[in-house]
Amino acid sequence: MRMGCLRLLPGLSVLLSLALRPADKALGASASMACARWCPLHSTCVNATACRCLPGFSSSSGEIITNPLESCDDINECRLPVPVSCGKLANCQNTEGSYYCMCSPGYRLVSGATNFSNESENTCQEIFPTWTPPPGIKSQSLSRFFEKVQDLGKDFRPTSAKDTIKNVITALDELLEVPGDLEALTLPAQHCVATYLLLFLKEVLRTLAMNIPEPSFTYLSRSDTELSLVIQEQGNGTITMGQSHARMQLNWAEAVGVGELGPTLAGLFSSHNMQKLLANASLKLDPETKAQLENRHEGPVGGGQPRLLSAVNTVFLSNKNTEKLGSPVNFSFSHLLVTPWPRQQVFCVFWEHGPNGSGHWATKGCRMVGTGNTSTICQCTHLSSFAVLMAQYDVQEEDAALAVITYVGLSLSLLCLFLAALTFLLCKAIQNTSTSLHLQLCICLFLAHLLFLTAFNRTEPRVLCAIIAGALHYLYLASFTWMLLEGLHLFLTARNLTVVNYSSVSRFMKKFMFPVGYAVPAVIVAISAVSRPHLYGTAARCWLSTTNGFLWSFLGPVCAIISVNLAFFLMTLWILKSKLCSLNTDVSTLQNTRMLTFKAMAQLFILGCTWCLGLLQRGPAAHAMAYLFTIINSLQGVFIFLVYCLLSQQVREQYRQWLKEIKKIRVDSDKYTLSSRATSESSKTSMVRSQLLPEPFT
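Residues numbered from 1 in each chain as written. Predicted model: local features only at pLDDT ≥ 70, side-chain atom pairs only at ≥ 80, totals over all residues. Heavy atoms only, no water.

### Some details on the overall build of the chain
Within the chain, the secondary structure is distributed over 15 helices and 24 strands. A burial count over the chain gives 41% of its 698 residues as buried. Look at the contacts in the chain between residues 6 or more apart in sequence, and 67% of them connect residues 24 or more apart. Total accessible area on the chain stands at roughly 38500 Å², and carbon and sulfur atoms take up 61% of it. (Helix = DSSP H or I, 4+ residues; strand = E, 2+ residues; numbered from the N terminus. Buried < 20%, exposed > 50% of the residue type's maximum accessible area, 1.4 Å probe, protein only. Contact = heavy atoms within 4.5 Å. Areas by Shrake-Rupley, 256 points an atom, 1.4 Å probe, with all protein chains shown as cover.)

### Considerations on the packing of helix H2 (residues 140-154) against helix H4 (residues 187-209)
The description of two packed helices rests on the angle between their axes and on the distance between the axes. Relative to each other, H2 and H4 sit at 5 degrees, their axes nearing to 13 Å. With respect to their mutual orientation, H2 and H4 come out roughly parallel. Contact with H2, carried on its side by Leu142, Phe145, Phe146, Val149 and Gln150, involves Val193, Leu197, Phe200 and Val204 of H4 and no other residues of that element. (Axes fitted to C-alpha atoms, helices over the stretch in contact; angles between N-to-C directions. Parallel < 35°, antiparallel > 145°, perpendicular 65-115°, else oblique.)

### Notes on the confidence of the model for the chain
Per-residue confidence for the chain gives a mean pLDDT of 78, with 76% of residues at or over 70. Segment residues 1-32 is flagged for pLDDT under 50; beyond a separation of four residues in sequence, or across chains, it makes 0 contacts in the model. Between residues 498-502, whose pLDDT stays under 50, and residues either more than four places distant or in other chains, the model counts 11 contacts. (pLDDT = per-residue confidence, 0-100.)

### Description of a nonpolar patch on the surface
Where nonpolar side chains cluster on the molecular surface, the patch consists of Leu415, Phe418, Leu419, Leu422, Leu425 and Leu426 and spans about 540 Å² of accessible area. As for its placement among the helices and strands, leucine 419 is situated in helix H7 (residues 400-426). (Patch = residues over 30% accessible without salt bridge, like charges linked within 9 Å, V, L, I, M, F, W, Y side chains within 5 Å. Salt bridge = Lys/Arg side-chain N within 4 Å of Asp/Glu carboxyl O.)

### Focus: unusual backbone geometry
Unlike most non-glycine residues, histidine 42 shows phi in positive territory, near 70 degrees. Mapped onto the elements, histidine 42 comes out in the loop between helix H1 (2-38) and strand S1 (43-47). What makes histidine 42 partly exposed here is its relative accessible area of 22%.

### Focus: the sheet that holds strand S19 (residues 329-334)
Reading across from one edge, S12-S13-S19-S23-S22 is the order of the 5 strands in this open sheet, with antiparallel pairing throughout. Looking at which strands have only one partner, the edges of the open sheet turn out to be strand S12 (238-242) and strand S22 (366-371). For this sheet the average axis-to-axis angle between neighbouring strands, irrespective of direction, equals 20 degrees. Pairing geometry for S22 and strand S23 (residues 375-380), over 5 bridges, is antiparallel. Bridge assignment links glycine 370 to a residue of S23, and that residue is isoleucine 377. (Pairing = 2+ DSSP bridges.)

### Regarding the packing of aromatic side chains
This structure, assessed with the given rule, holds 15 aromatic pairs. Relative to phenylalanine 200, the ring of phenylalanine 146 lies with its centre 4.7 Å away and its plane at 80 degrees, an arrangement referred to as edge-to-face. Here phenylalanine 146 is found in helix H2, whereas its partner phenylalanine 200 is found in helix H4, with 54 residues between them in sequence. Note on phenylalanine 200: relative accessible area 5%, which makes it buried. An angle of 40 degrees between the planes, with centres 6.4 Å apart, marks the rings of phenylalanine 418 and phenylalanine 446 as tilted. Placement of the pair is phenylalanine 418 in helix H7 and phenylalanine 446 in helix H8 (residues 433-455), with a sequence separation of 28 residues. Taken together, the aromatic side chains of Phe145, Phe146 and Phe200 make up a single cluster linked through ring pairs. (Phe/Tyr/Trp six-rings, centres within 6.5 Å; stacked < 30°, edge-to-face > 60°.)

### Description of the state of the cysteines
Here, the word disulfide means a covalent bond between the sulfur atoms of two cysteines. Counting across every chain of the model gives 8 disulfides. The disulfide bridge from cysteine 78 ends at cysteine 92, spanning 1.9 Å between sulfur atoms. Classification of the bridge connecting cysteine 78 and cysteine 92 rests on its S-S torsion, roughly -70 degrees, and on that basis the disulfide is left-handed. Of the two residues, cysteine 78 sits in the loop between strand S5 (73-74) and strand S6 (90-95) while cysteine 92 sits in strand S6, which places them 14 residues apart along the sequence. Free cysteine: cysteine 427, not disulfide-bonded; nearest cysteine sulfur from cysteine 645 at 8.5 Å. Residue cysteine 427 is classed as buried on the basis of its relative accessible area, which comes to 0%. (Disulfide = S-S within 2.5 Å.)

Below you can see the structure in the form of structure tokens.
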């Protein structure tokens, strides 16, 4: 019996637990219902006899309420005995059960948010930057404009961002349409005011645009001032924005600001009225643009003030670091009708800020892709305020006297080089290593001068002009390379003072002179042609373009050769001076030394050292140096014929022998002619006699 009862105990315990659970639930529910009957609003039940006020609320007796007649009232955190601190430029705003901080009117959070929770999150700053007048500039109309804009900033609300933008643009139009005392300012002061206005408007419009909820916004004022905005949280690829004055094509990745919170923004602001302050500004050309003008026989910009053709277009992005973009921005500017006129050029320019607010138009980083009668396409690698400008340039007219000297001098040189080459080929008595050097130099100079005179200005067709430029590049480099070998040979000869044909100098020169003389220039020209073939030939002449320093592919080797030849020249003179001053020198060596001294002095002209005069064409003496440079270097062939042929005793003797042979041939020819005439005359006389005499009678 006991064993059976024991077996039933577990089952009974389960039944009892199941039976008791509904009772417990019922008791809990009744207790909760009792608590809910008397707990006031904004409180929670603690137990059957007490309630607790929610955070942000309190009762007269404290946090815990035991009296059903008490209530939980809102705590005003902004008016506590020790109120919540939101920090500077911010106010506390109470809400039911909580509070928040908000920037004071005229200020906003850097993040663009509307409120924050505590002082540590306070980044309040002025909606519009504080303006201080430019140094030394006093203008009541300008001061009134900035006061209007500051007042708009104090009353600004995010919901009214569009209206504020329109009011700012209207205030600007009113300022520039009736400039008032701005017109009385000097040009530098007007340019300074324009610089301040452009920078100020860029910051104001960027700030206001960040509060526009729509993805885009455009506005055209009554004064034809345009604003185009694109606002996106995320974006990629290329966007095109703008209206009638200008259109911009931008890689959206460039608009994203590093560390900038909020949406990404791109804006384009165009104003024709800004021309009144910037119309008479100067223009500064970058070296590449200057080189392009020079390649077209055009000179520096001058002849009056540049003329603005388009509106002044200001670009602003969320990204504030736009001085050097990863990918260029393309612009299409609409402008006034351009009538083709000689000596005028259209430029893509930007307003470059100078010290103390000054500025000028500049072309650095911007290039013109194409232009038409009413529009121009530009490409820029940075962002600023842009415009299309037309300026006059000075045509670089060639000096007629210099042209005559060049053609006459080169023509004489061609004749002398031809005679010298024939002499070196036909005169067996003087043929040696030195003569071979002279011959190769004459051949290269002759071909270079001949091509220069006949084809230098033949710029069409373009491909032929490029080939001519490449050939001139090679021939003149080869000429200078042979001049270098001439200088080396003269130095080694002066040092040895032996007969060149049988010296080690002769063997050395024979082995290396042809590979050096012709292969080295070929390598330089090949590298230049492969790297930048489009820079061979310009619109004005078949020569190397000065763009991107390409001309140094010729000037670099030439300057190096001239420097080395000058060193050889000075060392040769030093060696010869010591030989001439030596008392132990025999007569033959002394004569050789004197001859080499004379040759060394003449080599100063022959080795191309006089090309250094081209570097002296600067300042007041530039004109005189240009004439001296042209005369000496155009007659280089004449100097070669004079020194190596006419002043050489062996060559003169050979010339006398040739003249004797020519004279002998002429005398023999004359004798033959006379004898032929006599024979002819006697035959004619016999014939006449035979005709006059009667026939014999048979």
